[in-house]
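# Structure at a glance
This is what each chain is made of:
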Amino acid sequence: DLLDTQLSAILRASMHGPVRILIPMISHVAQINQVRARLLQIEKRLARRGIKLKGLPPLGAMIEIPSAALVADSLAKVCDFFSIGSNDLTQYTLAIDRGDDSVAELYDPYHPGVLRLIEFTVAAAWRANIPVALCGEIAGDARATQLLLGLGLRELSMSPLRLPAVKNEILKISISRASAFADEIMGKTDKTEIIG
């Protein structure tokens, strides 16, 4: 019932400007299909009340748990866009609670396993020709900019304080050089080799 209320509010808001719907904690295709089915039902219900929509807003998946990244090819067939939540993806991939001080030093967004899940997700989005963005601490880390661009990311979400440093890196990097750099880095297994 709560989901229906929220989706209905979003659909009504879409009459006043563009919106997108991003579903968190997705783990498989059926969840997106269920949300899309609910949207279609709500659209019909609104139409019966005289509220005519101009179509449904884009529906996307938040890729923040390993199972979502591992089925990204399938998800890309039913999603209009992806957003990779790198903080949660790191936490769930490494089984590390970043809020627990006793294990916080093990939290590592540069872990090869995390980077491979990001790479796999971005590649799936490119193959399906859907937009993919990345948010989280690594998006705002200028040391990661060249790697992220090389993996195919073109949209990074970060705090405003991080923008100047990341923008400065972007202005210095060619996509071909970033791609070659990413190819080299993805063959590494040690964090010190990855971020220097």
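Figured I'd write up the structure that's included with this text. (Residues numbered from 1 in each chain as written. Predicted model: local features only at pLDDT ≥ 70, side-chain atom pairs only at ≥ 80, totals over all residues. Heavy atoms only, no water.)

Bringing the overall build of the chain into the picture now. Regarding its fold elements, the chain presents ten helices and five strands. For the chain, the C-alpha atoms occupy an extent of roughly 60 × 40 × 30 Å along the three principal directions. Within the span of the chain, comprising 196 residues, buried residues form 41% of the whole. For the chain, contacts bridging at least 24 residues in sequence account for 64% of all contacts bridging at least 6. Split by element, the accessible area of the chain, about 10500 Å² in all, is 55% carbon and sulfur. Charge centroids of the chain, computed over 22 positive and 21 negative side chains, lie 12 Å from each other. (Helix = DSSP H or I, 4+ residues; strand = E, 2+ residues; numbered from the N terminus. Buried < 20%, exposed > 50% of the residue type's maximum accessible area, 1.4 Å probe, protein only. Contact = heavy atoms within 4.5 Å. Areas by Shrake-Rupley, 256 points an atom, 1.4 Å probe, with all protein chains shown as cover. Lys, Arg positive; Asp, Glu negative; His and termini not counted. Charge placed at Lys NZ, Arg CZ, Asp CG, Glu CD.)

Attention now moves to the packing of aromatic side chains. For the coordinates displayed, the defined rule picks out zero aromatic pairs. In this arrangement the basic side chain of R20 is found over the ring face of F81, its NZ or CZ atom lying 4.1 Å from the centre. (Phe/Tyr/Trp six-rings, centres within 6.5 Å; stacked < 30°, edge-to-face > 60°. Lys NZ or Arg CZ within 6 Å of the ring centre and 35° of its normal.)

What follows is about the side chain of Q91. Inspection of the secondary structure puts Q91 in helix α5 (residues 86-94). In this structure Q91 comes out as buried when scored by relative accessible area, which is 15%. Filtering out sequence-adjacent residues up to four positions away, Q91 remains in contact with I96, D97, R98 and Y107.

Next up on the list: the pattern of salt bridges. According to the stated counting rule, one finds six salt bridges in the structure shown. Note that D4 and R38 form a salt bridge whose closest N and O atoms lie 2.3 Å from each other. With D4 in helix α1 (residues 2-13) and R38 in helix α2 (residues 29-48), the pair connects residues that are 34 residues apart, well separated along the chain. Residue classification places D4 among the buried residues on the basis of a relative accessible area of 14%. Of the charged contacts, one joins R45 and D4 as a salt bridge, the two residues approaching to 3.8 Å between their closest N and O atoms. Of this pair, R45 sits in helix α2 while D4 sits in helix α1, and the two are 41 residues apart along the sequence. Taken together, the shared-partner salt bridges connect D4, R38 and R45 into one network. (Salt bridge = Lys/Arg side-chain N within 4 Å of Asp/Glu carboxyl O.)

Moving on, we come to the nonpolar core. Among the nonpolar cores identified, the biggest contains 50 residues, and I32, F82 and I118 are the most heavily contacted of them. Here the element with the most residues in this core is helix α6 (residues 112-128); it accounts for seven residues. If we skip the residues at most four places from it in the chain, I118 touches I84, L89, L134, L151 and L153. (Core = buried A, V, L, I, M, F, W, Y, C linked by side-chain atoms within 4.5 Å.)

A separate point is unusual backbone geometry. A positive phi angle, near 50 degrees, is found at M25, a position not held by glycine. Relative to the helices and strands, M25 resides in the loop between β1 (21-23) and α2. Its identity as a non-glycine residue notwithstanding, N129 has a phi of 60 degrees, on the positive side. Here N129 lies in the loop between α6 and β4 (132-135).

This part is about the pairing of strand β2 (residues 59-63). Burial analysis of β2 places five of its five residues in the buried class, the great majority of the element. You can see the chain leave β1, run along α2 and come back into β2, and the turn it takes is right-handed. For β2 and strand β3 (residues 81-85), the ladder comprises four bridges, and the chain directions are parallel. Directly across from A61, in β3, lies its bridge partner F82. (Right-handed = clockwise from strand over helix to strand, strands pointing away. Pairing = 2+ DSSP bridges.)

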